[in-house]
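Chains, contacts and geometry: an overview
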Amino acid sequence: MATQGRLAVESVSKSYPVREGAVVALSDVTFDVAAGQFVVLIGPSGCGKSTLLHCIGGFVELTDGNIRLDDSAIRGPGSDRGIVFQREALFPWMTVEDNLRAALRPKGITGAEAEELIDTYLKAVGLGESRRLYPRELSGGMQQRAAIARTLIYQPSVLLLDEPLGALDAQTRELMKEWLVGIWLREQKTVVYVTHDLDEAVFLAQKVVVLSARPGRVKRIVDVNLRYPRDRRDPRYEEKREQLWKLIRDEVRFD
Ligand SMILES: Nc1ncnc2c1ncn2[C@@H]1O[C@H](COP(=O)(O)OP(=O)(O)O)[C@@H](O)[C@H]1O
Ligand SMILES: [Mg+2]
């Protein structure tokens, strides 16, 4: 069981100043994430999912409210949280292994200790043979696995993933979902995962936070108490998907 990585999101609001006033991206968002829990945030496009993840990452200042990690208020970015985006998370001018080395340097980890960690994490994400390749020489799925390895290697207690499979083809996405469950079970990190894909939510999450259309508010929190790896033939799987779709469909608009 993970002992670190407990998050408390408390009455968080976020407005972005724009020329005509302000865009309210999030309004009074409250939820908890237990240490080691896999939480998925879903909601229609523009509802503030990325904003919320950036707030947890400490990259965006809150307009109101509080986010606590293990009882300390988040005031900025820190190596206790690692974030991975949909794409372009790697330095394109560095090989895969150099990307991992670069992630260790700020922590002062170099030499044999660094090489051992790099070896371990490259193997963990199935890229042991590809360590000397450049990001452009990797497939989309390999790039995302490398980006996740680069984040895991500095041992954050919380992994923040913003539509990490969004740029991948359907088959790769399917394999990556299974892979993500495996790596999460092994690493025991807290994961906050943003997607608009309902199947990803039901396949991955222990808890789904459903956000309303902008400004994002918590519309419902849905627990998914199904055993991993999840079986889509289990009728309860489809029931959860259906429940989430009913919650989301009223929020999705054409514009
Ligand atoms: N830096 C910014 N300045 C102004 N508005 C922003 C900024 N970032 C996001 N927004 C606005 O905030 C809202 C939420 O955006 P975002 O968090 O990216 O939503 P999502 O990830 O759910 O699609 C959108 O209306 C978006 O245009
Ligand atoms: Mg987004």
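Everything in this summary refers to the structure shown in the same document. (Residues numbered from 1 in each chain as written. Chains lettered and ligands numbered in written order. Predicted model: local features only at pLDDT ≥ 70, side-chain atom pairs only at ≥ 80, totals over all residues. Heavy atoms only, no water.)

What about the overall build of the protein chain?
A tally of regular secondary structure across the protein chain gives 7 helices and 10 strands. Over its C-alpha atoms the protein chain spans a radius of gyration of 18 Å, differing by no more than 12% from the 18 Å that the globule rule assigns to 255 residues. In terms of its C-alpha atoms, the protein chain occupies a principal-axis envelope of roughly 50 × 45 × 40 Å. When the 255 residues of the protein chain are sorted by exposure, 52% land in the buried category. Once local pairs closer than 6 in sequence are excluded, the contacts in the protein chain between residues at least 24 apart make up 70%. Looking at the protein chain as shown, the accessible area adds up to about 12,800 Å², and 47% of this sits on carbon and sulfur atoms. (Helix = DSSP H or I, 4+ residues; strand = E, 2+ residues; numbered from the N terminus. Rg over C-alpha atoms; globule rule 2.2 N^0.38 Å. Buried < 20%, exposed > 50% of the residue type's maximum accessible area, 1.4 Å probe, protein only. Contact = heavy atoms within 4.5 Å. Areas by Shrake-Rupley, 256 points an atom, 1.4 Å probe, with all protein chains shown as cover.)

So, the site of ligand 1
Lining the immediate environment of ligand 1, one finds Tyr16, Val23, Ala25, Pro44, Ser45, Gly46, Cys47, Gly48, Lys49, Ser50, Thr51 and Arg214. In this structure, glycine 46 approaches ligand 1 through a main-chain N or O atom, which is 2.7 Å from an oxygen atom. In the model, an oxygen atom of ligand 1 is placed 3.0 Å from a nitrogen or oxygen of the arginine 214 side chain. Across the complex, the protein chains shield 62% of the 560 Å² of accessible surface that ligand 1 would expose by itself. Of all the secondary-structure elements, those providing two or more residues to the shell around ligand 1 are strand S2 (21–33) and helix H1 (49–57). Here the shell around ligand 1 gets 3 residues from one element, more than from any other, and that element is H1. Its residues assigned to classes, the shell around ligand 1 shows 5 nonpolar, 5 polar and 2 charged. (Near = heavy atom within 4 Å. Polar contact = N/O pair within 3.5 Å; in protein donor to acceptor, adjacent residues only side chain to side chain. Nonpolar A, V, L, I, M, F, W, Y, C, P; charged D, E, K, R; others polar.)

Focus on the packing of helix H2 (residues 96–104) against helix H3 (residues 111–124)
The N-to-C vectors of H2 and H3 enclose an angle of 125°; their axes lie 10 Å apart at closest approach. Compared by their axis directions, H2 and H3 come out oblique. Between H2 and H3 lies a crossing whose hand is right-handed. Residue-level contacts link Val96, Glu97, Leu100, Arg101 and Leu104 of H2 to Ala114, Glu115, Leu117, Ile118, Tyr121 and Leu122 of H3. Of the residues in the contact of H2 with H3, the class split is 8 nonpolar, no polar and 3 charged. (Axes fitted to C-alpha atoms, helices over the stretch in contact; angles between N-to-C directions. Parallel < 35°, antiparallel > 145°, perpendicular 65-115°, else oblique. Left-handed = near helix turned anticlockwise from the far one by under 90°.)

What to know about empty space enclosed by the protein
One pass over the full model with this rule turns up 1 cavity of 30 Å³ or more. Looking at which element gives the most residues to the lining of the largest cavity, the answer is helix H5 (residues 170–187), with 4 residues. Its residues assigned to classes, the lining of the largest cavity comprises 6 nonpolar, no polar and 2 charged. (1 Å grid on protein atoms, 1.4 Å probe; cavity = no way out; pocket = protein on both sides within 12 Å on 5 of 7 lines; lining within 4 Å. Points joined across faces, edges and corners; volume = space filled by probe spheres on them.)

Let's talk about unusual backbone geometry
Going from arginine 214 to proline 215, the amide bond is cis rather than trans, its omega being -5°. With an omega dihedral of -10°, the bond running from tyrosine 228 to proline 229 counts as a cis peptide bond. In this model, serine 11 sits at a positive phi of 45°, which is unusual for a non-glycine residue. Position of serine 11 among the secondary structure elements: in strand S1 (residues 7–18). A relative accessible area of 35% means that serine 11 is categorised as partly exposed. Even without a glycine there, the phi angle at aspartate 28 is positive, about 55°. Its place among the elements puts aspartate 28 in strand S2.

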